[in-house]
Amino acid sequence: MPLNTLKFRWLIRAGFVLAIALTLFFGVRTVASLFYWSNPDLVDRQIEGWMPVGYVGRSWDIPRDDMIAITGIETPPWRGLSIEQIAEDRGIPLEVFIAQLLVDIQAYRDAQHD
Amino acid sequence: MTDALFALVSDYGAAALALVTFLSCLALPVPSSMMMLAAGAFAASGDLEILPVAAAALLGAVLGDQAGYQIGRLGLSATEDWLRKNPSRAALIDRARSYIQTRGAVAVFLSRWLFSVLGPSVNLLAGGMQLNWATFTAMAVAGECVWVVVYVGVGYFAGSQLSEVTELLSNASGLATSLLIAIGLGVVLWRKRHRRI
């Protein structure tokens, strides 16, 4: 379609409006994410299946080695093992394993405060 | 969905990154940036080694860019004669070609990391419009290096707030790209404002 037809110009206008709308959409979401991120109280501390062991430890301020001990894995091969994989290897449901971990983590933290 | 992606990174590490970055350069809707953030975060928590993973991601991306470029080149040489039958299309192709050959390098570089949604299209265009291969490769590799370092780096410092940071970055990236498109189209409209049909 030739570049100067009315139809083409209308198409560009529509595209422009859409781009502006998307810019506003992403702009609002970016600001919202920034706000959420900078507010530590809102940070989610739930354990998810995809999280590897060290990452869970980091969320809860537990040193890596202690975290490995809490999950009860033998030393090798533990690198990068996700919570879900550990649960699967042991044949227990993920939710059960996570619930147990939360209990063990709390026990660990209580022991630290003594 | 993001959960499944993070799981892929923790379970398959470097291999997953290489595959995903390769596919993302071919316009497949795989969220490679998110997985790079995860890789950075997991490296920081000691769950994976960052160098092999970063190298794999870079390699996948570079190969993906090259593939896109070649596809663009082949695609255009196969269809160019047919496309040129229409004179205004032929003129458009010539204009695009000269524009890409003079200014395409920066577009390639920036579309690797800043406007990454546009990356795959830029690969096809660069190949089709015959941007100099050495220039393309140099800009693509440089841009991909920036991309890997920035995303893995941000992931690394995201600490345990990976989900939040991922969301923030994908919104910011959407913002940058739609703003760019809005500005580009706005400029076109402004320039054509006095033209009569």
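Calculation notes
- Residues numbered from 1 in each chain as written.
- Chains lettered and ligands numbered in written order.
- Predicted model: local features only at pLDDT ≥ 70, side-chain atom pairs only at ≥ 80, totals over all residues.
- Heavy atoms only, no water.
- Helix = DSSP H or I, 4+ residues; strand = E, 2+ residues; numbered from the N terminus.
- Buried < 20%, exposed > 50% of the residue type's maximum accessible area, 1.4 Å probe, protein only.
- Contact = heavy atoms within 4.5 Å.
- Areas by Shrake-Rupley, 256 points an atom, 1.4 Å probe, with all protein chains shown as cover.
- pLDDT = per-residue confidence, 0-100.
- Phe/Tyr/Trp six-rings, centres within 6.5 Å; stacked < 30°, edge-to-face > 60°.
- Lys NZ or Arg CZ within 6 Å of the ring centre and 35° of its normal.
- Salt bridge = Lys/Arg side-chain N within 4 Å of Asp/Glu carboxyl O.

### Overview of the overall build of chain A
- Along the backbone of chain A there are 5 helices and 0 strands.
- Seen in sequence order, chain A has helices and strands lined up from the N terminus as α-α-α-α-α.
- Classification of the 114 residues of chain A by burial places 35% in the buried group.
- Summarising the internal contacts of chain A: among those between residues at least 6 apart in sequence, 56% fall at separations of at least 24.
- For chain A, the accessible area works out to roughly 7100 Å², and carbon and sulfur atoms hold 63% of it.

### Some details on the side chain of Thr23 of chain A
- By the element assignment, Thr23 of chain A lies in helix H1 (residues 6-38).
- Residue Thr23 of chain A is classed as buried on the basis of its relative accessible area, which comes to 12%.
- Apart from the residues lying within four places of it in its own chain, the contact partners of Thr23 of chain A are Leu175, Ser178, Leu179 and Ala182 of chain B.

### As for the confidence of the model for chain B
Residue and element names in this part refer to chain B.
- Of all residues in chain B, 98% attain a pLDDT of 70 or more, and the chain-wide mean is 87.
- When mean pLDDT is taken per element in chain B, helix H6 (residues 133-157) scores highest with 93 and helix H4 (residues 87-113) scores lowest with 85.
- Across the interface, the model reports ipTM at 0.72; the global pTM reads 0.78.

### Things to note about the packing of aromatic side chains
- Per the stated rule, a full pass over the model turns up 9 aromatic pairs over all chains.
- Measuring from ring centre to ring centre gives 5.2 Å for Phe25 of chain A and Phe26 of chain A, while their planes differ by 65 degrees; the resulting arrangement is edge-to-face.
- For Phe26 of chain A, a relative accessible area of 19% puts it in the buried group.
- Connected via pairs of aromatic rings, a cluster forms that spans Trp50 and Tyr55 of chain A together with Phe6 and Phe42 of chain B.
- Geometry around Trp82 of chain B places Arg89 of chain B over its ring, the cationic atom sitting 5.1 Å from the centre.

### Concerning the pattern of salt bridges
Residue and element names in this part refer to chain B.
- Under the definition given, this model contains 4 salt bridges over all chains.
- Across the salt bridge formed by Arg112 and Glu144, the nearest N and O atoms sit 4.0 Å from each other. Within this pair, whereas Arg112 is found in helix H4, its partner Glu144 is found in helix H6, the two being separated by 32 residues in sequence. Of the two residues, Arg112 and Glu144, neither departs from the other in class, the shared state being buried.
- Residues joined by salt bridges that share partners form a network here, namely Asp65, Arg112 and Glu144.

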